[in-house]
Amino acid sequence: GRRSVAARSGGETQRRRRARAVGSEPDLILVDEPTAQLDATSAATVIEVLDGLAAHGASVIIATHDTRVRNACPDVLDLGSRAPDLDARLVDTPAP
């Protein structure tokens, strides 16, 4: 039967959200830590699904710390390497 949202595990909720995203064939997908708390097999499946969505024309933007996800992406913007530049601009910007 149907269970309330509160009765679902975090992993189950994540799987439902991913399934909904895949089923709706979106043009843009924003994903935050899609492999967090997943075993290696499940993480590989998520990476394959996201890659498939991108191959079918969706723009997929992923925020992650997982090197497996990063290595699967053709384009990477490492915000960690840009942090000093961003901090400098924020410090140098005069208050309104």
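Residues numbered from 1 in each chain as written. Predicted model: local features only at pLDDT ≥ 70, side-chain atom pairs only at ≥ 80, totals over all residues. Heavy atoms only, no water.

## Re the overall build of the protein
Counting its regular elements, the protein contains four helices and two strands. Reading the helices (α) and strands (β) of the protein from amino to carboxyl end gives α-β-α-β-α-α. Out of the 96 residues in the protein, the part that is buried amounts to 17%. Here the contacts in the protein between residues at least 6 apart in sequence split such that 54% fall between residues at least 24 apart. Element-wise, carbon and sulfur atoms account for 55% of the exposed surface of the protein, whose accessible area totals about 7,500 Å². (Helix = DSSP H or I, 4+ residues; strand = E, 2+ residues; numbered from the N terminus. Buried < 20%, exposed > 50% of the residue type's maximum accessible area, 1.4 Å probe, protein only. Contact = heavy atoms within 4.5 Å. Areas by Shrake-Rupley, 256 points an atom, 1.4 Å probe, with all protein chains shown as cover.)

## Considering the nonpolar core
Grouped together as the largest cluster of nonpolar side chains are eight residues: Ile29, Val31, Leu38, Ala43, Val46, Leu50, Leu53 and Ala58. Elements with a minimum of two residues in this core: β1 (28–32) and α2 (40–55). At four residues, the largest contribution of residues to this core is made by α2. Sequence-distant contacts of Leu50, that is, excluding residues within four places in its chain, are made with Val31, Pro34, Val60 and Ile62. (Core = buried A, V, L, I, M, F, W, Y, C linked by side-chain atoms within 4.5 Å.)

## Here's the deal with a nonpolar patch on the surface
Side chains of Leu28, Leu30 and Ile61 sit close together on the surface and give an oily, nonpolar patch of about 320 Å² of accessible area. Within the fold, Leu28 resides in strand β1. (Patch = residues over 30% accessible without salt bridge, like charges linked within 9 Å, V, L, I, M, F, W, Y side chains within 5 Å. Salt bridge = Lys/Arg side-chain N within 4 Å of Asp/Glu carboxyl O.)

## Some thoughts on the pattern of salt bridges
Tallied over the entire structure, the rule returns two salt bridges. Close ionic contact of Asp66 with Arg68 constitutes a salt bridge, the shortest N to O distance being 2.6 Å.

## A short note on the confidence of the model for the protein
Per-residue pLDDT for the protein has a mean of 78; in total, 66% of the residues score no lower than 70. Per-element averaging of pLDDT across the protein places helix α4 (residues 79–92) at the bottom with 59 and strand β2 (residues 59–63) at the top with 94. In this model residues 91–96 is a low-confidence stretch, pLDDT under 50, and it forms zero contacts with partners more than four residues away in sequence or in other chains. (pLDDT = per-residue confidence, 0-100.)

## Some words on the pairing of β2
Relative to β2, β1 is paired through five bridges, and the arrangement is parallel. Paired with Asp32 across the bridge in β2 is Ala63. Once you follow β1 into α2 and on to β2, the crossover reads as right-handed. (Pairing = 2+ DSSP bridges. Right-handed = clockwise from strand over helix to strand, strands pointing away.)

## Section: unusual backbone geometry
Despite not being glycine, Glu33 shows a phi value in the positive range, around 50°. Among the secondary structure elements, Glu33 is positioned in the loop between β1 and α2. A positive phi angle, near 65°, is found at Gln37, a position not held by glycine. By the element assignment, Gln37 lies in the loop between β1 and α2.

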